[in-house]
Amino acid sequence: MSANPTIHTARLPDDIPFYTPNGDEVTLFELAYRNCLPILIKGPTGCGKTRFVEHMAARLKRPLYTISCHDDLSASDLVGRHLIDASGTYWMDGPLTQAVRHGGICYLDEVVEARKDTTVVLHALSDDRRILPIERTGETLSAPPEFMLVISYNPGYQHLLKGLKPSTRQRFVSLAFGFPEPAREAEIVMMESGIHQAAAKQLVVLANALRNVAEHDLEEAPGTRLIVGAAKLIASGCDPQTACRVAIVECLSDEPEITRALMVVVQAVFDR
Amino acid sequence: MEEQVGIAWHKLINHLTARNHPEAVVELSGITRDAALLFRALGGEAGLAVQAGAATRHGAKRSLLDRLAGRASKADLAWVDHEALRLPAFIDAYPATALNRDLYFWLAALCAVDPEPNQAWLIRNQAAVLAITHTYPGLAARYHRLVEAEIARRPDPRQLPPDEAQQEQAIRNALLQPGSTLSLPPTRYPPHPVLLWLRPDQATAAPGRSHPSPEQSSQTASTLQSDQKRRVAQHEELPARQGGLLLFRPESIFSWTEYAKVEHETQDNEDQNLAHAADDLDVISIARDHKSIARKLRMSLDLSAAEHNTRPLSGNSMQPEWDYRTHSLNPNQCRIHHIPMTDASPCALPEYLKRDKQRMQRQFSALQPVRLRFKGQTEGKDIDIEPYIRHVTHRSGTESRFYIDQRKRERDLSCLLLADLSLSTEAWVGEGKRIIDVIRDSLFLFSEALSVSRDRFALYGFSSKQRADIRFQTLKAFDEVYDDVVRGRIQQINPAYYTRMGAAIRQASDILGQQKSRERLLLLLTDGKPNDADHYEGRYGIEDTRKALISARQKGLRPFCVTVDQDAHEYLPHIFGKDNFIIIRKPSELPTRLPLLYAQLTR
């Protein structure tokens, strides 16, 4: 049964999650919010898309409904379904419907992974109609101004059979995310892991070295999240080379030849 | 007796002069991949290969014993040129394997970083050492170990004449405290070679620097033009029998320029015939070390586009052609000749591909149909609670799809691979391979991989000799089994003539369009732009190909282009659309990349 309660979380934020802006994305997000425009965030894995949305939801004091899309996610997972209990059947709102009812921010992560029928539900919500028709109950919800739709995807890997249709893409204000500048990334790594500055800088040097080879040797470049993972291990006393091996290198490739070569780069940055 | 004395003498001298450590040798072949990745990671150009460089004659003073033994006149140094990162074939300079290995990585880093490439040798190397040790603490630690070993290996200043001692001391200071030494005291000899530094410039410069090689010129359009101009000027100086060029058929020019050896340094003395040929070549790669040789990549013939006729041809298999100037699709313009390749003798997969094949097949077995749960079925092994609840809620009595069934879902996909077999694929891409060899290996591995995935696939090749003769070769039709017969046909492919892409794509679309699969993929494998020996070139060819692809998409096919043309980003976005092509930077990687790319595209 796909009504899996872990796929969405409604979070009423109390403290604002840490996020350092890369440019004017915070202002743009706020402008889009005020103008009732949906937002599309695109960027590589682990560059801070999700964190940014959490940060913005907290800033705007709206509940956040996060849905991580997967290839079995259907429209009724978003909109809702009938459930059964002792007294009979009752209707249960899906996360998207909840967000519309409560004027929250609905964030669909990796939206291209979802089934094609889900985008149809999004269309009426993302243009100027801003409505959500619920077929099963015959209800049509009209979104309050506080409701906002945010979707994200990773354009990095080319995929012939999956991709965002132009008709969907053109409904959104698009923010393109990249990896942060080295100094800023080091700052993020320090904040997230509590590691000292010199080691954070070295990790960022390593990350950028590995990003240089990404196009050639790797499926995808290492994201900030990966670096933070290694930093946390180092901060709790793990040997840096080991930390980089288990938290970065082995996560980037399964080919022994490549991981061996990546370790050479790690050894160039960290001396044992 | 004399011989024995000679052998003994040789042994004695070699023993006395042995400064190397064969027991600790590290060979380049063992660490090529690691060094290449480190080079790229530290900012080196991604397209460069890692190759063994020839030892460099350093000219430094040698000890009496060295001279007696006739050795140590050359040193293995590292440098980067336009094709490759050149590292020593083996390193045994230091007593420990770890040190020799570290030296490889150090040299790769040095070549990648090199912040002051135009400075004098001494300054340049110190700057690079500073830059590396500052950013990469791991390499800094290695550098200090290497410097220690290097100094132990170097001649002792106390045993040198005063001026040479001073020079040696200056080098040592530069090694120990990079950035501290600004000049070398002059002596009669160049300093003893420094293994931790890049090769001195006088050796690298010479022809390549002063004179942009055509290899370079392929990289930028402007230099390409200047190179062509140089050719044209030469053309005019030569006597009138130059005109004989037009008597050649283009094919014959290809065939003999193919083996023309071009001496870069002695350009003015070029063989007359060679001059003829070279004038027609856009891109030549020049042999630097007299190993491999000049090849042409592309050839353009200036035929007046205005004069071509659009008279329809007749034949069994015809395709139209788009004329962008009149904005019309002219029917029956291209005659397709189907070449069934029945005369090819069956053969097995070449031995050298077997390892890759096994790896590919392992990876592709993951694409095999998996068990899937189908919801809302009229019968099945499990109850599908959701439609049941819906049924109870709405009290609609007729619906009875309450079951979940587990079945195997076949990937419903057909892929037609269309390979460009024009003469330009005769060009060499290094490692002793031509583009056609790379395409052949790619076809092999692609087929091996797909035969385990159970996706339906077909292989076709094409070349053209003007619009009346488009050769469409069937390597494997959709309903044929991939076996030794097909392998034999793949083995037999050979470059010929030109690339009339539009007609070939239309033909391939027709074949693929007849397939009933839900997803139909048209993969084009090529090395250059559309062109043919008539008006089919430049914009005409590009617009026609584009039109052919548009109509393929209208048929519900998905075209995707894989190219090894490094300049393809100039025209492929227009033809295929931004996301529907990929440029393989290193052609030699195409065979292993193609199946993976396919898996990625269809996952």
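Everything quoted here is computed from the prediction, not taken from an experiment. (Residues numbered from 1 in each chain as written. Chains lettered and ligands numbered in written order. Predicted model: local features only at pLDDT ≥ 70, side-chain atom pairs only at ≥ 80, totals over all residues.)

## Quick notes on the overall build of chain B
- Secondary structure summary: chain B contains 21 helices and 20 strands in total.
- Taken across its 603 residues, chain B has 37% of its residues classed as buried. (Helix = DSSP H or I, 4+ residues; strand = E, 2+ residues; numbered from the N terminus. Buried ≥ 20, exposed ≤ 12 C-beta atoms within 10 Å, placed from the backbone.)

## Describing the overall build of chain A
- Within chain A, the regular secondary structure consists of 11 helices and 10 strands.
- Within the span of chain A, comprising 272 residues, buried residues form 43% of the whole.
- By sequence separation, contacts in chain A at least 24 residues apart represent 71% of the contacts at least 6 residues apart. (Contact = placed C-beta atoms within 7 Å.)

## Remarks on the interface of chain A and chain B
- Contacts between the two partners involve 31 residues from chain A, matched on the other side by 34 residues from chain B.
- Among the elements of the structure, β4 (80-85), α8 (197-217) and α11 (256-269) of chain A are those that each provide at least two residues to the side of chain A that touches chain B.

## Let's talk about the nonpolar core
- Ranked by internal contacts, the top residues of the largest apolar core, which has 83 residues, are A230(A), V265(A), L38(B), A108(B), A109(B) and C111(B).
- The dominant element in this core, judged by the number of residues it contributes, is helix α4 (residues 97-113) of chain B, at 12 residues.
- By size, the runner-up hydrophobic cluster in this structure holds 69 residues, among which are F364(B), A449(B), I542(B) and L557(B). (Core = buried A, V, L, I, M, F, W, Y, C linked by C-beta atoms within 7 Å.)

## Section: the packing of helix α16 (residues 435-453) of chain B against helix α21 (residues 590-602) of chain B
Residue and element names in this part refer to chain B.
- Look at α16 against α21: their axes get within 8 Å of each other, and the N-to-C directions meet at 40°. With respect to α21, the axis of α16 lies oblique. Two packed elements cross with a definite hand, and for α16 against α21 that hand is right-handed. Contact residues: V438, D441, S442, L445, F446 and A449 in α16; L590, P591, T592, L594, P595 and Y598 in α21.
- Residues that form the contact of α16 with α21 fall into these classes: nine nonpolar, two polar and one charged. (Axes fitted to C-alpha atoms, helices over the stretch in contact; angles between N-to-C directions. Parallel < 35°, antiparallel > 145°, perpendicular 65-115°, else oblique. Left-handed = near helix turned anticlockwise from the far one by under 90°. Nonpolar A, V, L, I, M, F, W, Y, C, P; charged D, E, K, R; others polar.)

## Regarding helix α7 (residues 182-193) of chain A
- Given a rise of 1.5 Å per residue, 12 residues ought to cover 16 Å, and the 16 Å separating the end C-alpha atoms of α7(A) matches this to within 8%.
- Following α7(A) by one or two positions, G194(A) has its phi on the positive side, about 75°. (Expected span 1.5 Å × (residues − 1).)

## Observations concerning helix α10 (residues 240-252) of chain A
All names here are of chain A.
- Taking 1.5 Å per residue as the helical rise, α10 with its 13 residues ought to reach 18 Å, and the 17 Å between its terminal C-alpha atoms agrees with that figure.
- Most pronounced at V246, the bend in α10 amounts to some 35°.
- Among all positions in α10, only P240, A243, C244, A247, I248, V249 and L252 are buried. (Bend = angle between axes of the 7 residues up to and from the residue.)

## Quick word on the pairing of strand β16 (residues 456-464) of chain B
All names here are of chain B.
- In terms of burial, β16 is largely enclosed, as eight of its nine residues are buried.
- Here six bridges tie β16 to strand β17 (residues 470-476), and the two strands are oriented antiparallel to one another. Bridge pairing in β17 links F462 to F472.
- Joining the antiparallel neighbours β16 and β17 is a turn of five residues, in which Q466 adopts a positive phi near 65°. (Pairing = 2+ DSSP bridges.)

## Side note on the sheet that holds strand β9 (residues 328-339) of chain B
All names here are of chain B.
- Taken together, the eight strands give an open sheet; going across it, the order is β8-β9-β17-β16-β13-β18-β19-β20, and neighbouring strands pair in mixed fashion. For this open sheet the edge positions go to β8 (318-323) and β20 (581-583), each flanked by a neighbour on one side alone. Strand after strand, the sheet turns through a mean of 25° between neighbouring axes, direction not considered.
- One ladder, built from four bridges, connects β9 with β17; its direction is parallel. Residue I339 lies in a different strand from β17, and its bridge partner there is Q473.
- With respect to the sheet, helix α19 (residues 538-554) is in contact with β8, β18 (519-526) and β19 (558-563), its orientation differing from that of β8 by roughly 120°.
- Contacts between α21 and the sheet are confined to β13 (413-420), β18, β19 and β20, with β19 contributing the most and set at about 150° to the helix.

## Thoughts on the environment of H21(B)
Residue and element names in this part refer to chain B.
- Mapped onto the elements, H21 comes out in the loop between α1 (2-17) and β1 (26-27).
- Sequence separation of H21 and I91 is 70 residues, and the distance between their C-alpha atoms is 8.9 Å.
- Beyond its immediate chain neighbours, meaning those up to four positions away, H21 contacts D92, Y94 and P95.

## Thoughts on the pairing of strand β7 (residues 131-134) of chain A
- Relative to strand β8 (residues 139-142) of chain A, β7(A) is paired through four bridges, and the arrangement is antiparallel. Opposite L132(A), over in β8(A), you have L141(A) as the bridge partner.

## Structural notes on the confidence of the model for chain A
- Here chain A averages 87 in pLDDT, and 92% of its residues register 70 or above.
- Of all helices and strands in chain A, the one with the weakest mean pLDDT is strand β1 (residues 8-11) of chain A (49), whereas helix α1 (residues 25-34) of chain A scores best (96). (pLDDT = per-residue confidence, 0-100.)

## Here's the deal with the environment of E589(B)
Residue and element names in this part refer to chain B.
- Within the secondary structure layout, E589 lies in the loop between β20 and α21.
- Accessibility expressed as a C-beta count within 10 Å gives 14 for E589, which makes it partly exposed.
- Considered as a pair, E589 and S442 are 147 residues apart in the sequence and their alpha carbons are 9.1 Å apart.

## Considerations on the sheet that holds strand β2 (residues 49-52) of chain B
Residue and element names in this part refer to chain B.
- Read from one edge to the other, the open sheet built from three strands follows the order β2-β6-β5, with strand pairing classed as mixed. Two strands lie at the open edges of the sheet, namely β2 and β5 (79-80), each paired on one side alone.
- Examined bridge by bridge, β5 and strand β6 (residues 84-87) share two bridges and lie antiparallel to one another. Paired with W79 across the bridge in β6 is R86.
- Relative to the sheet, helix α2 (residues 28-41) contacts β2 and β6, its axis offset from that of β2 by approximately 145°.

## Considering the packing of α11(A) against helix α6 (residues 137-153) of chain B
- Following both chains from N to C, one finds α11(A) and α6(B) inclined at 75°, their axes separated by 3 Å at the closest point. Between α11(A) and α6(B), the angle falls in the class roughly perpendicular. Residues Q267(A), A268(A) and V269(A) of α11(A) form the contact with α6(B), whose participating residues are P137(B), G138(B) and L139(B).
- Broken down by class, the residue content of the contact of α11(A) with α6(B) amounts to four nonpolar, two polar and no charged.

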